[in-house]
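Descriptive analysis of the structure
Here are the chains, one letter per residue:
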Amino acid sequence: MTATDPVFEPDFLWGVAAAAYQIEGAVEEDGRGRSIWDEFCGRPGVVARGETGDVATDHYHRYREDVALMRDLGVGAYRLSVSWPRVQPTGRGVINEPGLDFYDRLIDELCAAGIAPAVTLFHWDLPQALQDNGGWLERDTAARLADYADIVGRRLGDRVRMWMPLNEPVVHTLYGHALGVHAPGYQLGFGALQAAHHQLLGHGLAVQALRAAGCENIGIASNHAPVHAASDAREDALAADIYDHLVNWTFADPVLRGTYPTPELAAALAGPVDEDLKTVAQPLDWFGINYYEPTVIAAPAARDEGASGVLEVELPPGLPFRPVALDTPDRTDFGWPIVPAGLRDIVRTFADRYGEMLPPLYITESGASFHDPDPVDGRVPDRRRIDYHRAHLHALKQAVDDGVDVRGYFVWSILDNFEWAAGYRERFGLVHVDYRTLERTPKDSYHWYRDLIAAHRTGQTVTASRS
Ligand code: FCB
């Protein structure tokens, strides 16, 4: 790792990201309905230490302070998500105007600060009322997403600069519907694929609705990473291939090519799948990749008792693949392997796989949890987070130098926040949050990112100042 930061083109977009349930709190305010995460967090034993997003970082009340932090950071864009149950408490019909007003104010605040709002419509917080009706296992939910997209698009479309109907449908499918470690907590195994299909259909319908509402610059934030076979053995290669298809191409191929990666997969799904795929494959202005870590896959063990550990959950027995731990000591405090080259590789793989069909890419999330110390004299030293982002940016730059059209990088996250089932212990923020006082303290990584952005604006090469 070098001490020097990579240099991107002057128009490269520097951003930060967050999501409604992870930062907003105020779950019972101004007519907000319940979401599946409110319900899930209420179940004993599913979220670490029984934590919930009830208060989170209290962004709902402190958004002005948070936007000011972003303005001082100098970012060009902020990727936020709108909470669907704030806008439509039951996920259908009547608009909850006070809920929508919050986003109106937030977007105005961002525009006044010179920050482009990049809006995700569904970052996993489905209205509970829709879940009671089957959630993403029900085809109707896709149409509901389109209605909600229309409402938000009409109200905010004049100021929002980037749109993403969905965040990481793969994680919502796998963790929420196949393994049950995220809301809504279903353990359906391969049965979860129907929820994937309906999310993808919802994406296509929502893109249509946004465009009809006059919105521009629409993409997706989709989680992707290289999948490696554990050995040269044929069985491991085959297992890795199956897994790769499931977690990467089941989600990208429909959006970018209008097909599922295998005919078997399409055949396993209910509904007019071929027709649906035409809807899913709306032309996009860009495609967003969220990258965290590659996966290593082996063939199932002779006596498969369920692979453990590396997906943070016990997997059911009988799967045609087995995730194994990556052989590296370099891990975040969350235990996720640190592999910057994986970002370069997945971006190159997209360019190779889709060629001319690939729109410009953005890295819509990249980040690391370290268990940072509490601030001392207004300072939080987090050198490893600086190293993490610097190394990932170097890797990304290599792909750009190869000719891949990557237009920006969004750090996950601007603030420490509620990391889903892992609760508050995992800290991804550039800004430290004291969860007792809700005080914000910019970490060293914040200052580093600010200097990096400033250097690009003035066209200078930067050597990090506080690292
Ligand atoms: C991604 C999610 C995001 C955050 C990061 C760490 O999978 O999109 O909300 O939890 O992981």
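Residues numbered from 1 in each chain as written. Predicted model: local features only at pLDDT ≥ 70, side-chain atom pairs only at ≥ 80, totals over all residues. Heavy atoms only, no water.

1. Structural notes on the overall build of the chain
Rules: Numbering of helices and strands runs from the N terminus; a helix is a DSSP stretch of H or I covering at least four residues, while a strand is a stretch of E covering at least two. The criterion used for residue contact is that any of the two residues' heavy atoms lie within 4.5 Å. Computed by Shrake-Rupley with a 1.4 Å probe, the accessible areas treat only the displayed protein chains as cover when residues are assessed. Here Asp and Glu are counted as negative and Lys and Arg as positive; His is not counted, and neither are the chain ends. Charged groups are reduced to one reference atom each: NZ for lysine, CZ for arginine, CG for aspartic acid, CD for glutamic acid.
The helix and strand inventory of the chain stands at 15 helices and 13 strands. Expressed along its principal axes, the backbone C-alpha trace of the chain runs to roughly 55 × 55 × 45 Å. Restricting the contact set of the chain to residue pairs at least 6 apart, pairs at least 24 apart contribute 77%. Per element, the accessible surface of the chain, about 17,200 Å² overall, is 50% carbon and sulfur. Side chains of the chain give 42 positive and 67 negative charges; the mean places of these two sets differ by 3 Å.

2. Overview of empty space enclosed by the protein
What counts is decided by this rule: Buriedness of a pocket was judged along seven lines, with at least five required to meet protein on both sides within 12 Å; pockets are open sets of points on a 1 Å grid over the protein atoms alone, cavities are sets where a 1.4 Å probe fits but cannot get out, and lining residues have an atom within 4 Å of a point. Grid points are joined across faces, edges and corners, and a volume is the space filled by probe spheres set on the points. Polar here means any residue outside two lists: the nonpolar Ala, Val, Leu, Ile, Met, Phe, Trp, Tyr, Cys and Pro, and the charged Asp, Glu, Lys and Arg; Gly therefore counts as polar.
Within the structure shown, the criterion is met by three cavities of 30 Å³ or more. Its volume calculated, the largest cavity comes out at about 270 Å³. L174, A178, G189, F190 and L246 are the residues nearest the centre of the largest cavity, which is lined by 18 residues in total. At the level of elements, α8 (169-178) and α10 (234-257) are the ones that each hand at least two residues to the lining of the largest cavity. Here the lining of the largest cavity is composed, by residue class, of 16 nonpolar, two polar and no charged. Lining the second largest cavity are A19, A20, I23, E24, H59, Y78, L80, S81, Y103 and L106. Residue assignment for the lining of the second largest cavity shows that the elements contributing at least two residues are α1 (20-23), β2 (77-81) and α5 (97-112). It is β2 that provides the largest number of residues to the lining of the second largest cavity, a total of three residues. Its residues assigned to classes, the lining of the second largest cavity shows seven nonpolar, two polar and one charged.

3. Comments concerning the nonpolar core
Using the following cut-off: As used here, the term nonpolar core means buried Ala, Val, Leu, Ile, Met, Phe, Trp, Tyr and Cys residues forming a set that is joined through side-chain atoms within 4.5 Å. Buried, partly exposed and exposed residues are distinguished by accessible area as a fraction of the type maximum, computed with a 1.4 Å probe on protein chains only: under 20%, between the cut-offs, and over 50%, respectively.
Residues V347, F350 and Y449 are the most contacted members of the largest nonpolar core, which totals 132 residues. Looking at which element gives the most residues to this core, the answer is α10, with ten residues. Excluding anything up to four places from it in sequence, Y449 contacts W14, G15, V16, L73, V75, Y409, V411 and L430. In terms of nonpolar packing, the next biggest core, distinct from the first, is built from 18 residues, A77, M162, F410 and W412 among them.

4. Things to note about the site of the ligand
Definition in use: The nearness test applies per residue and asks whether one of its heavy atoms lies within 4 Å of the molecule or strand. Any pair of nitrogen or oxygen atoms within 3.5 Å is treated as a polar contact; in protein, a donor-acceptor pairing is required on top of that, and neighbouring residues in sequence qualify only through side-chain atoms on both sides.
The environment of the ligand is made up of Q22, H123, W124, N167, E168, Y292, E365, W412, E419, W420 and F428. In the environment of the ligand, an oxygen atom lies 2.8 Å from a nitrogen or oxygen atom belonging to the side chain of H123. Here E419 contributes a side-chain N or O atom positioned 2.7 Å from an oxygen atom of the ligand. Isolated, the ligand exposes 290 Å² of accessible area, and the fraction of that covered by the protein chains is 96%. Partitioned by chemical class, the residues of the shell around the ligand number five nonpolar, three polar and three charged.

5. Some details on the sheet that holds strand β10 (residues 361-366)
For clarity, the cut-off: Strands are labelled as partners when DSSP assigns at least two bridges between them. For helices, the axis comes from a line fit to the C-alpha atoms of the stretch in contact; other axes are also lines fit to C-alpha atoms, and the angle between any two N-to-C directions lies between 0 and 180 degrees.
Strand order in the open sheet made by the eight strands is β4-β3-β2-β1-β11-β10-β7-β5, with parallel pairing throughout. Pairing within the sheet leaves two strands with one partner each, and these edge strands are β4 (162-166) and β5 (221-223). The mean angle between the axes of side-by-side strands here comes to 25°, regardless of whether they run parallel or antiparallel. Bridging between β2 and strand β3 (residues 116-122) involves five bridges; their strand directions are parallel. When the bridges of β3 are listed, Y78 appears paired with P117. Across the face of the sheet, α8 comes into contact with β3, β4 and β5 while running at roughly 50° to β5. Each of β1 (13-17) and β11 (406-412) is contacted by helix α15 (residues 444-457), which is oriented at about 155° to β1, the strand it contacts most.

6. Let's talk about α8
Counting buried residues along α8, nine of its ten residues qualify, which places the element largely inside the surrounding structure. Packing partners of the buried residues in α8 comprise α2 (36-41), β3, β4, α9 (193-212), β5 and α10. Positive backbone phi, at 80°, marks G180, one or two positions downstream of α8.

7. Looking at the packing of helix α7 (residues 140-156) against α9
Just so we agree on the cut-off: The labels follow the angle: roughly parallel below 35 degrees, roughly antiparallel above 145, roughly perpendicular from 65 to 115, and oblique for the rest. Here a crossing is taken to be left-handed if its near helix is turned anticlockwise relative to the far helix by less than a right angle, and right-handed if that turn runs clockwise.
Direction vectors running N to C along α7 and α9 enclose 30°, while the axes themselves pass 8 Å from each other. If you check the angle between α7 and α9, you find them roughly parallel. In the crossing of α7 with α9, the sense of the turn from one axis to the other is right-handed. Listed contacts from α9 to A142, A143, L145, A146, A149, D150, G153 and R154 of α7 are H198, L201, G202, H203, L205, A206, A209, L210 and A212. Considered class by class, the residues forming the contact of α7 with α9 number eleven nonpolar, four polar and two charged.

8. Some points on the sheet that holds strand β6 (residues 227-229)
Across the sheet, three strands lie side by side as β6-β8-β9; this open sheet has mixed pairing. Among the strands making up the open sheet, the edge pair consists of β6 and β9 (322-324). Between one strand axis and the next, the sheet turns by 45° as a mean value, whatever way the strands run. Bridge count for strand β8 (residues 295-298) against β9 is three bridges, and the pairing is antiparallel. When the bridges of β9 are listed, I297 appears paired with P323. Lying on the sheet, α10 is in contact with β6 and β8; it crosses β6 at an angle near 170°.

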